[in-house]
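Close look at the chain arrangement
Next come the chains, spelled out residue by residue.
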Amino acid sequence: MPRSANMDAPDLGPIDEYIPIPEEFWSFADDGPFQKCTVCNIPLLEEGKLYLIEKAFKNSEVVFEYAMCIDCHQNLRQDLSAQSLRLIDHYFDEHVDLVKRRQRLMESYDEDISPWLSECLVTGKALDQCNEYQIMTLCDGDDMLFTYIPCLLSGEAMESIQSLLSKKTKERLDGFVDDFLGLPPEAKIRTPYIG
Ligand SMILES: [Zn+2]
């Protein structure tokens, strides 16, 4: 059974709540589920293969998207400064109770992801009020898991997080964006999910 990847919240252990990857988390470029890790190209749609998906939107259009296997995610995290990671963990601790949020959403759980993406995780801003936002989730093969995510982060929340990052961390993340997301420079305002 899959295990959760946590944003500094208690390990959830095996996850019993999962659904086939919903279209919200399909690859816009591939017009279907992500097939491979954006970084290392390892195939993802095999049971037991854990990976994150993140998609960023601006004015209803996809700005960037990627799928990243857990190994690549851990490698990326290791390159970031300990101070930046501490500040990000602290930021989430201050602004959101992930355990309570999951409990609340699980009370009415019916395999529908829309309640999980209806508002910003941090600010509570409603999805339909967000011009810019990112959504992220954890998957196992061709299933999407309900852990502490899926979630949505508004542009405002991402800006707050960005302001916490050290120069070294920003440079490493810019490198990731340059190498794998192929964004124009003016779009480099969003930080990939690193929790
Ligand atoms: Zn990978």
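Scroll up for the structure.
Chains are numbered independently. Their residues run from 1 in the order of the written sequence. Only residues with pLDDT of at least 70 get local features here, since the model is predicted, and only at 80 or more are side-chain atom pairs given and counted; chain-wide, interface and lining totals rely on the full set of residues. The side-chain quantities take in all heavy atoms of the structure and omit both hydrogens and water.

With respect to the layout of surface pockets
One number sums up the size of the second largest pocket: a volume of about 160 Å³. Note on definitions: the grid is 1 Å and covers protein atoms alone; a cavity is a set of points where a 1.4 Å probe fits but cannot get out; a pocket is an open set with protein on both sides within 12 Å along at least five of seven lines; lining residues have an atom within 4 Å of a point. Arg101, Arg104, Glu119, Cys120 and Leu121 are the residues nearest the centre of the second largest pocket, which is lined by 14 residues in total. Grid points are joined across faces, edges and corners, and a volume is the space filled by probe spheres set on the points.

Concerning the nonpolar core
Judged by nonpolar contacts, the single largest core of 58 residues is most densely connected at Phe25, Phe92, Met144 and Leu153. Between two residues, a contact is recorded if the distance between any of their heavy atoms is within 4.5 Å. Excluding residues within four positions of it along the chain, Met144 makes contact with Glu17, Tyr18, Ile19, Pro20, Ile21, Pro22, Phe25, Ile113, Thr137, Leu138, Cys139 and Pro150. Only buried residues count toward a nonpolar core, which is a set of Ala, Val, Leu, Ile, Met, Phe, Trp, Tyr and Cys residues joined through side-chain atoms within 4.5 Å. Throughout, exposure labels follow a simple rule: accessible area from a 1.4 Å probe, protein chains only, divided by the maximum for the residue type, with under 20% read as buried, over 50% as exposed, and the rest as partly exposed.

Things to note about unusual backbone geometry
Following Ile149, the chain continues to Pro150 via a peptide bond in cis, the omega torsion being 20°. Look at Asn41: it is not a glycine, yet its phi comes out positive at around 70°. Positive phi outside glycine occurs at Ser60, with the angle close to 70°. Each helix is a run of H or I in the DSSP string that is no shorter than four residues. Each strand is a run of E no shorter than two, and both are numbered from the N terminus. Structurally, the position occupied by Ser60 is in the loop between β2 (50-58) and β3 (61-69). Owing to a relative accessible area of 67%, Ser60 belongs among the exposed residues under this scheme.

Some words on the coordination of the zinc ion
Here the coordinating atoms are restricted to nitrogen, oxygen and sulfur within 2.8 Å of the metal centre, or 3.2 Å for Na, K and Ca, and because water is not among them the sites may look incomplete. Only Cys37 (SG), Cys40 (SG), Cys69 (SG) and Cys72 (SG) from the protein coordinate the zinc ion, and they sit 2.3 to 2.4 Å from it. Key to geometry: four donors with every angle between 85 and 135 degrees are tetrahedral; four donors are square planar and six octahedral where opposite donors lie over 155 degrees apart and all remaining angles lie between 65 and 115; all other sites are irregular. For the zinc ion, the four donor atoms are set out with angles of 103 to 119° between them, so the coordination reads as tetrahedral. Binding-site remark: the zinc ion is held by donors from one chain whose sequence spacing is C-x2-C-x28-C-x2-C. Of this pair, Cys40 sits in the loop between β1 (18-20) and β2 while Cys69 sits in strand β3; the two residues are 29 residues apart in sequence, bridging distant segments of the chain. The exposure class assigned to Cys69 is buried, which follows from its relative accessible area of 5%.

A word on the side chain of Ser81
Positionally, Ser81 belongs in the loop between α1 (70-79) and α2 (82-95). Residue Ser81 is classed as buried on the basis of its relative accessible area of 12%. Beyond its immediate sequence surroundings of up to four residues, Ser81 is in contact with Ser166, Lys168 and Thr169.

Section: a negative patch on the surface
A contiguous patch of negative charge on the surface is contributed by Glu23, Glu24, Asp30, Asp31, Asp110, Glu111 and Asp112. Examined against the element boundaries, Asp30 turns out to sit in the loop between β1 and β2. Overall, the relative accessible area of 46% leaves Asp30 in the partly exposed class. Patches draw on residues past 30% relative accessible area with no salt bridge. Two like charges within 9 Å are joined, as are two nonpolar side chains (Val, Leu, Ile, Met, Phe, Trp, Tyr) within 5 Å. Residue exposure ignores everything except the shown protein chains as possible cover, and the areas themselves are Shrake-Rupley values with a 1.4 Å probe. Salt bridge criterion: a side-chain nitrogen from Lys or Arg within 4 Å of a carboxyl oxygen from Asp or Glu. Two residue types count as positive, namely Lys and Arg, and two as negative, namely Asp and Glu; His and chain ends fall outside the count. Here the site of a charge means atom NZ of a Lys, CZ of an Arg, CG of an Asp or CD of a Glu.

With respect to the state of the cysteines
As used in these notes, a disulfide is a covalent bond between sulfur atoms, one from each of two cysteines. Two cysteine sulfur atoms form a disulfide, by the criterion used here, when they sit within 2.5 Å. According to the stated counting rule, one finds zero disulfides in the structure shown. Unpaired in terms of disulfides, Cys151 finds its nearest cysteine sulfur in Cys120, a separation of 8.3 Å.

Here's the deal with the environment of Leu165
Position of Leu165 among the secondary structure elements: in the loop between α4 (155-162) and α5 (167-181). Measuring from C-alpha to C-alpha, the distance between Leu165 and Arg86 comes to 9.9 Å, with 79 residues separating the pair along the chain.

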